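# Tertiary structure, described
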Amino acid sequence: MTVRPEALRGLDDFTVEVPSWAYGNSGTRFKVFTTPGVPRDPYEKLADAAEVNRVTGRSPRVSLHIPWDRVDDYGKLKAHADELGVAIGAINSNLFQDDDYRLGSLAHPHAGTRDKAVDHHLRCIDIMRATGSKDLKIWLPDGINYAGQDSLRGRQDRLAESLERVYAAMDDDHRLLLEYKFFEPYFYAMDIPDWGTSLLHCLALGERAQVVLDTGHHAPGTNIEFIVMQLLRQNRLGAFDFNSRFYADDDLIVGSADPFQLFRIMVEIVSVGAHRPESRVNFMLDQCHNIEEKIPGQIRSVLNVEKALAKALLVDTEALSAAQRGGDVLGAHAVLMDAYETDVRAALADRREARGLPRDPVAAFAASGYAAKAAETRVGGTQAGWGA
Ligand code: RM4
Ligand code: MN
């Protein structure tokens, strides 16, 4: 298929949000490898994230994680972001690193611990007000390891009540984004294991509560684009956490394990125009770069999302629906495959050039000398990020 430049117009105002934690050192439970020049504080994380936006023109927002990104003055952090040409995106709460949360947080059996977890979100809401963030993202790590350990139903009731308290404290233009994950850190039953549970809590809360779909949080073989379609039908797809997985929650470069899946997801998005900013679907990355360089890893991930969207925009929708109506099984499939198999790299490079961006963002970053300078100047202090 030849790429008509007009077909890619849908890319014009499409953005991807990058996570602050992607720039710090991370690892597995076996080893955390350190990288010279990693950010020592949230200010330096924002500077790294701004590099990704500088060369891709596609990532003008950065998600923060509290307390990893705690600072004394959030107004100052926002001003720093403004100067760098980026905005503060979703505020992520952290319910998994406190000793009090051994038996859970928002669903904990004790009211006192639930109060503490709710209170943490009130602090996060204050940070949203100070930084201009509109999205509060909650990944609930609660769950149980053994049958009988706690009441499955009781935990849902407590969770619903805690979430209501958080929702009630938010401003009218704030959204509560509720993530799900089928396993880990607990293994018998997670309290929000799937999109259905997340959706039920969101429906009970109100229309500003929406589901976050992390592509690494499903059992192998799950049809993720089906979930995307279903949540879009209900107007409850708030955001993605994009990453790739082979086995579990691997958090690898977006589109590296299964680029075809990413394309199929984007086809569902494009079919209802949800790639446009008005849809308010927040296309976020949630990733860790354990062995690869972090800023180039983020650049590649952003570009892979862009590429998948470009291919989805190429789908000949008229030919597709004619084939579907006519019961032409292979014909319909061929229409999709034709778009997927089209090489869009040159067309995307042309678009970048026309917008004053480098044709090859990875090469432009490498040539900028930024990484060497960071390694030289960022000495002393402790690296910020996981557990900081
Ligand atoms: C969790 C979850 C959250 C992310 C943290 C760092 O597994 O995916 O979205 O904030 O990791
Ligand atoms: Mn996530």
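Residues numbered from 1 in each chain as written. Chains lettered and ligands numbered in written order. Predicted model: local features only at pLDDT ≥ 70, side-chain atom pairs only at ≥ 80, totals over all residues. Heavy atoms only, no water.

## Thoughts on the coordination of the manganese ion (ligand 2)
Ideal geometry at a metal gives 109.5 degrees between four tetrahedral donors and either 90 or 180 degrees between six octahedral ones. Within the protein, the atoms that donate to the manganese ion (ligand 2) are E179 (OE), D214 (OD), D241 (OD) and D286 (OD), at distances of 2.1 to 2.2 Å. Viewed at the metal, the 6 donor atoms of the manganese ion (ligand 2) are separated by angles of 72 to 165 degrees, and the geometry they form is octahedral. All donors of the manganese ion (ligand 2) come from a single chain, and their spacing in sequence reads E-x34-D-x26-D-x44-D. Placement of D214 in strand 8 (residues 209-214) and of D286 in the loop between strand 10 (282-285) and helix 8 (294-313) is noted, with a sequence separation of 72 residues between them. For the pair D214 and D286, a shared accessibility class is recorded, and that class is buried. (Donors = N, O, S within 2.8 Å, 3.2 Å for Na, K, Ca; no water. Tetrahedral: all angles 85-135°; square planar, octahedral: opposite > 155°, others 65-115°. Helix = DSSP H or I, 4+ residues; strand = E, 2+ residues; numbered from the N terminus. Buried < 20%, exposed > 50% of the residue type's maximum accessible area, 1.4 Å probe, protein only.)

## Considering the pattern of salt bridges
Scanning the entire structure with this criterion turns up 32 salt bridges. The shortest N-O distance in the salt bridge between D100 and K116 comes to 2.7 Å. One end of the pair, D100, is in the loop between strand 3 (87-92) and helix 3 (111-131); the other, K116, is in helix 3, and 16 residues separate them in sequence. Its relative accessible area of 39% is what places D100 among the partly exposed residues. For K181, the salt bridge is made with E184, and the minimal N-O distance between the two is 2.9 Å. Accessibility expressed as a relative area gives 31% for E184, which makes it partly exposed. (Salt bridge = Lys/Arg side-chain N within 4 Å of Asp/Glu carboxyl O.)

## With respect to the packing of helix 2 (residues 74-84) against helix 3
Two numbers describe how helix 2 lies on helix 3: the axes approach to 8 Å, and their chain directions differ by 45 degrees. Considered as vectors, helix 2 and helix 3 are oriented oblique to each other. For the crossing formed where helix 2 meets helix 3, the hand is right-handed. Contacts from Y74, G75 and K78 of helix 2 reach helix 3 at I127, A130 and T131. (Axes fitted to C-alpha atoms, helices over the stretch in contact; angles between N-to-C directions. Parallel < 35°, antiparallel > 145°, perpendicular 65-115°, else oblique. Left-handed = near helix turned anticlockwise from the far one by under 90°. Contact = heavy atoms within 4.5 Å.)

Shape descriptors only; they carry no functional weight alone.
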